[in-house]
Amino acid sequence: MLSLRYMSERAEQNLRRTAEVSLLLAAAASLILWLVRIYNVVSAATPYLLATTGYEWEDLFSIWKFTQHQAVYADPHRIPFAVSSYNWAFYYFYGSVANAWLHLLHLDAVSIATIGRLISLIFTLITGGIFWLIWRDFRKAGLFANPRVAWAWILIATLSPLAGYWSFTVRPDAGALAFEAAGLYAILRCLRKQDDRLIFLAALLFYAAWAFKQSSVTLLAGSALALILLKRWRAFLTLSSIWWLLVMVTLFAGGPVYRENVLFSQLHLPMQVSLGLTNALRAECKNPFLWLCIVAVLSLSWRNFRTLASRPAEAAVTVVVLFSLCFALVTSCKVGANDNYYIPAAWSAMLAFALAAERMHSRWVAEGLAVCSWLMTGAIALSPTGYTFYYDFRSQDFTYNVATIVTEKLRHLPAPAFAIEPYANMPWVQPAAPHFVVADTYYYDRKAGVPVEDGGWENLAAEGYFGTLVFDQNYNPPPRMLRKYELVDEYKDEFVDLKFYRRIGANTS
């Protein structure tokens, strides 16, 4: 009997060691891939323009407008049909930092992309630091009490392939998550210390997250619901009142154009259940721990629901996980959405799992962690993202190649110009205004019958508004559009096929 017990304990110890080693390998793979991706798009010597995420150029254009003291928010239905779809603090913070460094180092505007990516990278590291603070303050016994396991877990939660390029792209996601995570930390500390000042701080941090990205309310809503569940009515009313007051004042003071961009610019984007399912599957493939943690945490909470209130911190994080998951399942169905909608859910689920792991079946936890670790490590090594280790993304930067070609060709062609490739309309590609960095929502608004100035860029082209038109092989312009233009130049290689049309009778610049 003692021999069987000894063998069982030894087998469990071996399983724990296997899980620990597997987590360390997954964390190392995530970190290496993350660093390689940074190398692909960030350089102090050359401004690499590889699009890290979809429609990144829209944010770059808005930040550029801030650095030029132009209005960040403009009517997206008027020339040049550009949109600033995120909230004010994102553009103002990134714009202020970019403007300072551009002047300090005497850089060209094209360096805005590099500066913005470094800002997002810092926010990502802050989010990882907050995960560590919560683990330090609320850790208990179990596998995650081991510092090596904890650090591996934090690295995966912060730098997994799901975070990927989103962790340093020029978008508000990284900053918004950092502020949301800080707000959640303040709530958890308040649940332990009963300090009203922490509720005020949490409200300000949650507002900052919303002011970066208006949909970043999952950790806020989850925290508010947790306060209701725990019957912390005073804390709930204080948090809600302060946050809503700040939001309402912002929306009122921002004016109608600001509200149009922030609240209604994506009104006509359709919802597709198939897209939501695809995004959920992609999120799981990029972070196999996502659904393991969600299922484990929600299952444990369901079995111990009556005693959940006796563990306020765990209860709060559990409610945050549940709300974040439901929010992601719905919003990721929107056309234009991606798997990044699951990043807050994955972060909070991994946090909740670490806080509750000591009350789960240790063998089941170790087995699940080992399997998910090997899945993540194998996916990084074998998936197309693994090609980054030997594929020269820098020399194959499609965006940079197109921008370079268009810049050179437009020096000898009349302005204003319009290129079907949105990035080719950026200010550092085309010096002459207006810059038609057309919003991705523009075409959905047109389809919905929303009126736009002068019939949109298509009608402007047909009327001869532009001095030059630039189309690629993926766009076949209707004959009416080209009736006032003549083909004057073409560039073609294995990646690019561009045609340059000049307005008939226009003088060459």
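Residues numbered from 1 in each chain as written. Predicted model: local features only at pLDDT ≥ 70, side-chain atom pairs only at ≥ 80, totals over all residues. Heavy atoms only, no water.

A. Structural detail: the pattern of salt bridges. For the structure shown, the criterion picks out 19 salt bridges. The salt bridge partner of K409 is D489, with a shortest N-O separation of 3.1 Å. Of this pair, K409 sits in helix α15 (residues 398-410) while D489 is found in strand β3 (residues 485-492), placing the two residues 80 residues apart along the sequence. Accessibility expressed as a relative area gives 22% for K409, which makes it partly exposed. For D489, a relative accessible area of 27% translates into the label partly exposed. (Salt bridge = Lys/Arg side-chain N within 4 Å of Asp/Glu carboxyl O. Helix = DSSP H or I, 4+ residues; strand = E, 2+ residues; numbered from the N terminus. Buried < 20%, exposed > 50% of the residue type's maximum accessible area, 1.4 Å probe, protein only.)

B. Looking closely at a nonpolar patch on the surface. Taken together, the side chains of W101, L104, L105 and L107 present a nonpolar region at the surface, about 390 Å² in accessible area. Of note, W101 is situated in helix α3 (residues 88-105). (Patch = residues over 30% accessible without salt bridge, like charges linked within 9 Å, V, L, I, M, F, W, Y side chains within 5 Å. Areas by Shrake-Rupley, 256 points an atom, 1.4 Å probe, with all protein chains shown as cover.)

C. Quick look at the packing of aromatic side chains. Under the definition given, this model contains 43 aromatic pairs. Through a chain of ring-to-ring contacts, three or more aromatic side chains come together here, namely F81, F418, F436, Y442, Y443, W457, Y465, F466, F471, Y475 and Y501. When the ring centre of F138 is taken as origin, the NZ or CZ atom of R192, which lies over that ring, is 4.3 Å away. Here K213 stacks its cationic end above the ring of Y341, 5.4 Å away from the centre of that ring. (Phe/Tyr/Trp six-rings, centres within 6.5 Å; stacked < 30°, edge-to-face > 60°. Lys NZ or Arg CZ within 6 Å of the ring centre and 35° of its normal.)

D. Main features of the sheet that holds strand β2 (residues 468-472). Pairing within the open sheet is mixed, and its 4 strands lie in the order β1-β2-β4-β3. Each edge of the open sheet is held by one strand with a lone partner, namely β1 (417-419) and β3. Going across the sheet, the axis of each strand differs from the next one's by a mean of 20 degrees, ignoring polarity. Of the strand pairs in this sheet, β2 and strand β4 (residues 497-503) are connected by 5 bridges, and their pairing is antiparallel. The residue of β4 that forms the bridge with F471 is K499. (Pairing = 2+ DSSP bridges. Axes fitted to C-alpha atoms, helices over the stretch in contact; angles between N-to-C directions.)

E. Broad picture of the packing of helix α2 (residues 56-67) against helix α4 (residues 112-138). Where α2 contacts α4, the two axes come as close as 10 Å, and the packing angle between them is 105 degrees. In terms of orientation, α2 lies roughly perpendicular with respect to α4. Judged by residue contacts, E56, L60, I63, W64 and T67 of α2 engage I112, A113 and R117 from α4. Within the contact of α2 with α4, the residues separate by chemical class into 5 nonpolar, 1 polar and 2 charged. (Parallel < 35°, antiparallel > 145°, perpendicular 65-115°, else oblique. Contact = heavy atoms within 4.5 Å. Nonpolar A, V, L, I, M, F, W, Y, C, P; charged D, E, K, R; others polar.)

F. Region of interest: the pairing of β2. Burial of β2 is extensive: 5 of the 5 residues sit out of reach of the surface. Here β2 shows two buried faces, one formed by T468, V470 and D472 and the other by L469 and F471. With 3 bridges connecting them, β1 and β2 associate as parallel partners. Paired with A417 across the strands is T468, a residue of β2.

G. Representation of the nonpolar core in the model. If you look at the biggest cluster of nonpolar residues, it comprises 141 residues, and the most contacted ones within it are W153, L239, F289, F353 and L369. Among the elements that take part in this core, helix α6 (residues 173-193) stands out by supplying 13 residues, more than any other. Not counting the four nearest positions on each side in its chain, F353 is found in contact with F144, W153, C293, A296, V297, M360, W364, V365 and L369. Core analysis: the next-biggest nonpolar cluster, separate from the first, contains 17 residues, I420, F436, L469 and Y485 among them. (Core = buried A, V, L, I, M, F, W, Y, C linked by side-chain atoms within 4.5 Å.)

So yeah, pure geometry; function would need other evidence.
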